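# Secondary and tertiary structure notes
The lines below spell out each chain.
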Amino acid sequence: MPKVLVLYYSSYGHIEQMADAVAEGARAAGAEADVLRVPETAPDAVVKAAHFKTDSAHAVIEGPEKLKEYDAIIVGAPTRFGRMPSQMAAFWDTAGPLWATGALNGKVGAAFTSTATQHGGQEVTIFSILTNLFHFGMVLVGLDYGYEGHAGGGEAHGSTPYGASTIANSDGSRQPSTVDLDGARYQGRRVAEVAAKLAN
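As recorded in an unreviewed UniProt entry, the protein goes by NAD(P)H dehydrogenase (quinone) and comes from Sphingomonas aracearum.

Given below as structure tokens:
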């Protein structure tokens with residue numbers, strides 16, 4: 001049974017919802033899945049003024065050494081001007097010793113995101129995360145076209161072949177849709193399945 005970590009940063013709760021769905025998918029494939037978040041690095045004044053969600057049910061990860069415990073790591077973060085936010089980047093910037101020792105080589109990696117608008121940088125943000133995971137030697141899994149939600153054109157959704165995604169609207173009013181959450185579950189399941197095959 002592979003151990004999967006869903007590691008995320010969420011300002012307003014959209015990515016937190018997606019993280020829970022990713023973990024559901026991994027568990028449905030028989031994996032053990034933990035959901036942890038990275039530390040908030042924005043000043044308290046900014047967090048309060050921007051009304052960030054601060055009541056998460058998930059614990060903050062203890063540090064990058066924790067990553068070594070998992071067979072797969074699925075990283076979720078919202079878009080900040082077409083790239084991962086500084087909170088997530090800051091966490092990976094502390095993981096240099098893992099890179100230097102090859103501690104994550106061969107582990108399975110994946111990414112998911114959220115943007116304010118339909119073409120607000122989902123794919124570029126996912127690639128900004130995947131680029132980090134490539135450098136850590138991970139085997140990457142996207143959201144393949146086995147997921148039928150890709151084909152639906154009747155509603156706006158964040159589904160991309162590179163990873164699950166959702167659209168929040170510029171005021172955060174849109175919540176992840178069924179298509180978005182099902183894509184996250186599918187990706188979580190696929191990651192767990194690949195991790196199990198590699199372990200065997």
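That shown, we press on.
Below, the discussion takes up the environment of S177. When you line up the elements, S177 lands in the loop between β6 (165–167) and α6 (178–199). On the accessibility criterion, S177 (12% relative accessible area) is buried. The contacts of S177, once residues within four sequence positions are left out, are E155 and T166.

Right, let's talk about the packing of aromatic side chains for a bit. A full pass over the atoms with the stated rule returns five aromatic pairs. On the basis of an interplanar angle of 45° and a centroid distance of 5.7 Å, the ring pair of Y147 and Y186 is categorised as tilted. One end of the pair, Y147, is in the loop between β5 (139–140) and β6; the other, Y186, is in helix α6, and 39 residues separate them in sequence. Assigned by exposure class, Y147 and Y186 land together as buried. In this structure an aromatic cluster arises from ring pairing among F91, W92 and F136. Across the ring face of Y70, the terminal group of K3 is positioned such that the distance to the ring centre comes to 5.0 Å.

Rules and cut-offs
Residues numbered from 1 in each chain as written. Predicted model: local features only at pLDDT ≥ 70, side-chain atom pairs only at ≥ 80, totals over all residues. Heavy atoms only, no water. Helix = DSSP H or I, 4+ residues; strand = E, 2+ residues; numbered from the N terminus. Buried < 20%, exposed > 50% of the residue type's maximum accessible area, 1.4 Å probe, protein only. Contact = heavy atoms within 4.5 Å. Phe/Tyr/Trp six-rings, centres within 6.5 Å; stacked < 30°, edge-to-face > 60°. Lys NZ or Arg CZ within 6 Å of the ring centre and 35° of its normal.

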